[in-house]
Amino acid sequence: MENEVLRIEHLHKEFEGNVILKDISLTVHRGEVIVVIGPSGCGKSTLLRCVNALEDIQGGQILLDGVPVDRSSKEISRMRQRIGMVFQSYDLFPHKTILQNVTLAPEKVQKRRKEEVSQEAMELLERVGLADRSGDYPRQLSGGQKQRVAIVRALCMHPDILLLDEITAALDPEMVHEVLEVVVSLARTGSTMLIVTHEMAFARAVADRVLFLDEGGIVEESTNPGAFFTKPQTERAQAFLKTFDYE
Amino acid sequence: MEKEVILQYLPMYREALLLTLKIGWQGVFLAFIFGLLCALVRHMKIPVLRGVVTGYIELFRNTPLLVQLFFLYFALPKIGIRLSPEFCGSLGLGLLGGAYMAETFRSGLESVAPIQEESALSLGMTPLQAFRHVILPQAFTASVAGIVANVIFLLKETSVFSVISLMDLMFTAKDLIGMYAKTMECLTLLVVFYLIMLLPVSLLGSVLERRLRHAEFGT
């Protein structure tokens, strides 16, 4: 298809003899938001890390814009510029100010002009309500604020796709909302995203497509999140969703 | 103590201090470079070179500077490598210091969480860029105390330079005592001049440590 951004073909991942991911195939189109859910240890975070080559893979391939990504170091760095990633633990650079956190990679990796990058970074920080904190250091911010900065840091590279790896899992409950709101607004403005999350209400609101992963494989895939979350087809997905309900 | 004697000796000590400082700081500079290169090799896990680095570190950490200087100054000429005393001093100090700095940098590098590197890589940085812009500054902050201790240690080690006929502070003091036997004056001056050389480094070190701490914790 023409507007395909990312394609994963028969991805197979093993670690020390254990199969982590088996035969995962997935195509992400421009502007599409795909949410991956599943029990802990099902391999969903590993899936994102494999896409970004933070983990090596034992089989299958990953294509960006229809072109297979050669896993040589030079190609990998180029590929990663086009894939933004946000981690569970924010992982801002503690020795840099908020603004420097955002501008570092565009300046050093993309060699863009300092003024232009700073201006864009400030606009993006403004969008997530943190422009007034641009001179602060990460340790002065709350978890939710840090995570919003981490999203901005990824966005400033103009990635074709964003990978969000349980970005609210380390946050206090009252901060989850402020972060997910940013993601929802990104989804509305057409960002392409592959999201791993445990926030089911959020998943339902934001997803164009839901993948349910269990034991390293795709168990259920649905292009109708409303229907999936109300009544999943497979027993395993039903059992999983039930764990979020209380009598 | 005779005041006139002290005043009379002062210029010689000042001369010796300048020489000690010059060679000492050249050595410290070299130690930084060697230490950094070794840390980089170990961090990037470059095969073969890694083994060389380990060998170098163990060799220089486990032999006295005195022996290293003897080797550079007296043994190398036998195979046709003739180095000036000054160069021997800086190089010897640099090689010894490099081994210590490498270990200090290593513990600093190990204190940086691996996900910091992943975070940098995921932004498209090459491993070298991630090292330069993300890992090294944090490792440096974590190792400032160790680095300062190494610098002081190295500057003190200059006191063995006299064996390769460098007219450093120690040499000057011994020389004057040998000639005029003003032991008390000579040794007092020696202590004072070492303090003049090293106290500023200690103070600067603690200031640096405080200044850098702002960024130490919390990502």
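Shown above is the structure to which this text applies.
Residues numbered from 1 in each chain as written. Chains lettered and ligands numbered in written order. Predicted model: local features only at pLDDT ≥ 70, side-chain atom pairs only at ≥ 80, totals over all residues. Heavy atoms only, no water.

**Topic: the interface of chain A and chain B**
Then, in step 1: Contacts between the two partners involve 29 residues from chain A, matched on the other side by 21 residues from chain B.
Then, in step 2: In terms of surface lost to chain B, no three residues of chain A exceed Pro94, His95 and Arg139 of chain A, which account for 25% of the buried area on that side.
Then, in step 3: In this structure, the connection of chain A to chain B is made through one salt bridge.
Then, in step 4: A salt bridge links Arg49 of chain A to Glu118 of chain B, with the nearest nitrogen and oxygen atoms 2.7 Å apart. (Contact = heavy atoms within 4.5 Å. Buried area = accessible area lost by both parts, 1.4 Å probe. Salt bridge = Lys/Arg side-chain N within 4 Å of Asp/Glu carboxyl O.)

**Some details on the packing of helix α3 (residues 98-108) of chain A against helix α5 (residues 143-155) of chain A**
Residue and element names in this part refer to chain A.
Then, in step 1: Two numbers describe how α3 lies on α5: the axes approach to 8 Å, and their chain directions differ by 25°. Comparing the axis directions of α3 and α5 gives the class roughly parallel. The chirality of how α3 crosses α5 is right-handed. Residues Ile98, Asn101 and Val102 of α3 touch α5, and the partners they reach there are Val149, Val152 and Arg153. (Axes fitted to C-alpha atoms, helices over the stretch in contact; angles between N-to-C directions. Helix = DSSP H or I, 4+ residues; strand = E, 2+ residues; numbered from the N terminus. Parallel < 35°, antiparallel > 145°, perpendicular 65-115°, else oblique. Left-handed = near helix turned anticlockwise from the far one by under 90°.)

**Description of the nonpolar core**
Then, in step 1: One finds Leu6, Ile8 and Leu194 of chain A together with Tyr13 and Met125 of chain B to be the most contacted residues of the largest nonpolar core, which totals 98 residues.
Then, in step 2: Not counting residues within four places of it along the chain, the set of residues in contact with Tyr13 of chain B comprises Leu169, Ala173, Leu176, Cys186, Leu189, Leu190 and Phe193 of chain B.
Then, in step 3: One finds Ala121, Val128, Ala187 and Ala203 of chain A within the second-largest nonpolar core, a separate group that totals 49 residues. (Core = buried A, V, L, I, M, F, W, Y, C linked by side-chain atoms within 4.5 Å. Buried < 20%, exposed > 50% of the residue type's maximum accessible area, 1.4 Å probe, protein only.)

**Overview of the side chain of Gln129 of chain B**
Then, in step 1: Locating Gln129 of chain B in the fold gives a position in helix α6 (residues 127-157).
Then, in step 2: Within polar-contact distance, the side chain of Gln129 of chain B engages the backbone oxygen of Lys108 of chain A at 3.1 Å. (Polar contact = N/O pair within 3.5 Å; in protein donor to acceptor, adjacent residues only side chain to side chain.)

**What to know about helix α7 (residues 169-180) of chain B**
Residue and element names in this part refer to chain B.
Then, in step 1: Given a rise of 1.5 Å per residue, 12 residues ought to cover 16 Å, and the 16 Å separating the end C-alpha atoms of α7 matches this to within 8%.
Then, in step 2: Every buried residue of α7 is accounted for by Leu169, Thr172, Ala173 and Leu176. For α7, the angular spread of buried residues about the axis comes to 95°, placing them on one side.
Then, in step 3: Lining the buried residues of α7 we find α1 (3-43) and α8 (183-212).
Then, in step 4: Ala181 sits one or two positions beyond α7 and adopts a positive phi of about 60°. (Expected span 1.5 Å × (residues − 1). Arc of directions from axis to C-beta.)

**Side note on the packing of aromatic side chains**
Then, in step 1: Within the structure shown, the criterion is met by 10 aromatic pairs over all chains.
Then, in step 2: The rings of Phe212, Phe240 and Phe244 of chain A are connected pair by pair, giving a single aromatic cluster.
Then, in step 3: Sitting over the face of the ring of Phe93 of chain A, Arg153 of chain A holds its NZ or CZ atom 4.4 Å from the ring centroid.
Then, in step 4: Directly above the ring of Tyr100 of chain B sits Arg61 of chain B, whose terminal nitrogen or CZ lies 6.0 Å from the centroid. (Phe/Tyr/Trp six-rings, centres within 6.5 Å; stacked < 30°, edge-to-face > 60°. Lys NZ or Arg CZ within 6 Å of the ring centre and 35° of its normal.)

**Quick look at the packing of α1 of chain B against α8 of chain B**
Residues and elements named next belong to chain B.
Then, in step 1: Taken N-terminus to C-terminus, the directions of α1 and α8 make an angle of 40°; their axes are 10 Å apart at the nearest point. Judged by the inter-axis angle, α1 sits oblique to α8. Viewed along their axes, α1 and α8 form a crossing whose handedness is right-handed. Of α8, the residues touching α1 (which contributes Val5, Ile6, Tyr9, Leu10, Tyr13, Arg14, Leu17, Thr20, Leu21 and Trp25) are Glu185, Cys186, Leu189, Leu190, Phe193, Ile196, Met197 and Val201.
Then, in step 2: Residue composition of the contact of α1 with α8, by class: 15 nonpolar, one polar and two charged. (Nonpolar A, V, L, I, M, F, W, Y, C, P; charged D, E, K, R; others polar.)

**Quick look at the sheet that holds strand β8 (residues 193-196) of chain A**
Residues and elements named next belong to chain A.
Then, in step 1: Judged by pairing direction, the sheet is mixed, and its six strands sit side by side in the order β6-β7-β8-β3-β9-β10 without closing on themselves. The open sheet has two edge strands, β6 (83-86) and β10 (217-222), and neither has a second partner. The mean inter-strand angle of the sheet, taken between neighbouring strand axes irrespective of direction, is 20°.
Then, in step 2: Taken together, the four bridges between strand β3 (residues 33-37) and strand β9 (residues 209-214) define a ladder with parallel strand orientation. From the neighbouring strand, Ile37 faces β9, where its bridge partner is Phe212.
Then, in step 3: On top of the sheet, helix α6 (residues 173-188) reaches β3, β7 (161-165) and β8; it is set at about 150° to β8, its chief contact. (Pairing = 2+ DSSP bridges.)

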